[in-house]
Structure formats: structure tokens, C-alpha cells
Amino acid sequence: MIKCVILDDELLAISYLKLLCEQIENVEVVKAFNDPKIFLNEIRDIDCNLCILDIEMPGMTGLQVAELISDSKKIIFTTAYKEYAAEAFDLNVVDYVRKPIKKERLVQAFEKAADLLNNSQKKEFIEWNTNIGKSTIFSEQITYIKTSEIDSRDKDIILKDGTTIVLKNLNFKSLLEMLPSKDFAQVNKKEIIALSSVKVLSTNEIITTIPTESDHFLKLQIGDTYKNQLMEMFGK
């Protein structure tokens, strides 16, 4: 699923883009902005993986905005002017779509974005707001993830060395999209396990390699909804 945010100083252009996006499968417009400064203040806290940026805007261009966020978001530029193309691609963006935008052309741009997201290096790590500030957590260091007991909107990530990092306000669906699908599986409504941490898999239970305070190993109950997927991942 592509979750995109639109930035364009023209409200009519935003409405038209949203209308086009609604007609394209696996694309969701999470939010739209007509002010670059407000966009930059909020974008790091928004659950999205793609930004559609207009280039010509008063006060700050889309190119300037892209320089600040291209490390964490895929970008599609839209513009009525062809002279920005070279500059745009210097920023390693997904695509450069000329206005007036046609649905077929936008579909092509989204297909490119989907390919890049599926093979993105971002799958090797998570970047998110945590209890210790904006953090980068490498997926190979993660052993186990569970819903926080303090606030169900937050998720506790347990690392190999026993450290716990709290991801703030992030649902499991979005979290799984950030992680390598071959390396992690949801076990039940409240828990995700790194497959490398699984020691024993039975019909209803997983015994992990994660030690507990009582000198035993963490056991997870498998929810009915997740059984088939887990068995497939282990070739059963």
C-alpha cells in the first residue's frame, strides 16, 4: 500500500490530485498541505511512505522541501514547468510528472514508487519517533515486538541485548510494512516475533530464544488468525 501526502500551494490542484489518487488501487492519500512550512513541521510524524510535491510554491520550492525529507520518504514531483527536470532527478526522486496530470501518467509514477518501496533499503531499518527521540533501529537487532502495556498506541521493541525501545503511536500494520516480510511475523493481535528468535513452533505456541526473568524462555500464544501465515513461513 502506498500512503502518500500531497503538498501543493493550489487547493484546486490538491483536490484534483486526491480525486485521481482515489481512482488508483493500493494508493491512499493520508493528508494534504498547501503550506511547505506546515508540511515540514508535521511530515515526520505522519504514517506515509511517499510525498507528492509541487515544485513551484511561494516561499519555498518543492526542490528545497525534497532536500530535507528525501532521506526518509520517496518523492514524486509535479510541475507545469519542464526546466526543473534535471534538478529534480539529481535528488533521486521516483518520478517527475508534468501538469496537467493525467491518471495514466500518475499510475506509472505510483508503479515506480511501489517497486522502489518493495526493494527499499528502508526495510533494513525503522525510522520513527521513540521514547528517546527520533531513532533509527536496525531490523537485524530486533528480536520481539509487543503492544505497550502503558499505551496501546505505542509498541515496545526488544533488541538482542535486552534493550527496550518504545515506538510512539504506530500500528502493527504500518510497522510490518517497514520490516522485511521474510524476517518477521505477527503472532497474535499484540505481538510480532523475529523468525530468528523462534526456537520451537507448535500448533498453538511459539517458544522463543528470548530469556525471561525466571530463567525460562518467552512463550507466545498463536492467534487463530495468524496460524496459516506462520505455518507457511516455516514451510509447514
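Keep in mind the model is a prediction, meaning the values are calculated, not measured.

The rules behind these values
Residues numbered from 1 in each chain as written. Predicted model: local features only at pLDDT ≥ 70, side-chain atom pairs only at ≥ 80, totals over all residues. Heavy atoms only, no water. Buried < 20%, exposed > 50% of the residue type's maximum accessible area, 1.4 Å probe, protein only. Helix = DSSP H or I, 4+ residues; strand = E, 2+ residues; numbered from the N terminus. Arc of directions from axis to C-beta. UniProt positions renumbered as here; feature names shortened; annotations may be inferred. Contact = heavy atoms within 4.5 Å. Pairing = 2+ DSSP bridges. Salt bridge = Lys/Arg side-chain N within 4 Å of Asp/Glu carboxyl O. Axes fitted to C-alpha atoms, helices over the stretch in contact; angles between N-to-C directions.

A word on helix α3 (residues 62–69). Among the residues of α3, those classed as buried are Gly 62, Leu 63, Val 65, Ala 66 and Ile 69. Angular distribution of buried residues about the axis of α3 spans 160°; they occupy a single face of the element.

The subject of this paragraph is the UniProt feature "modified residue: 4-aspartylphosphate" (unreviewed entry) in the protein. The UniProt feature table records "modified residue: 4-aspartylphosphate" (unreviewed entry) at Asp 54. Within the element layout of this structure, Asp 54 appears in strand β3 (residues 50–54). Those residues in contact with Asp 54 that sit more than four places away from it in its chain are Leu 7, Asp 8, Asp 9, Gly 62, Thr 78, Thr 79 and Lys 99.

So, about the pairing of strand β14 (residues 205–211). Sheet topology note: the strand β13 (residues 198–201)/β14 ladder contains three bridges and is antiparallel. Bridging from a neighbouring strand, Leu 201 pairs with Ile 206 of β14. Once β13 ends, the chain turns through three residues before running back antiparallel as β14. Bridging between β14 and strand β15 (residues 217–221) involves four bridges; their strand directions are antiparallel. When the sheet's bridge partners are listed, Pro 211 is paired in β15 with Phe 217. Taken together, β14 and the strand that follows it, β15, pair antiparallel across an intervening segment of five residues, in which Asp 215 is found at a positive phi of about 65°.

Using the criterion set out here, one finds 10 salt bridges in the structure. We note a salt bridge from Lys 173 to Glu 177, for which the minimum N-O separation is 3.2 Å. Taken together, the residues Lys 173 and Glu 177, both in helix α6 (residues 172–178) and four residues apart, mark about one turn of the helix. A salt bridge links Asp 224 to Lys 227; the nearest nitrogen and oxygen atoms lie 3.3 Å apart. One network of salt bridges, in which partners are shared, links Asp 8, Asp 54 and Lys 99.

This next bit is on the sheet that holds β13. Reading across the sheet, the three strands line up as β13-β14-β15 and stay open at both edges, with antiparallel pairing between neighbours. Because the sheet does not close on itself, it has two edges, and the strands there are β13 and β15. Taken pair by pair, the neighbouring strands of this sheet meet at an average axis angle of 25°, ignoring direction.

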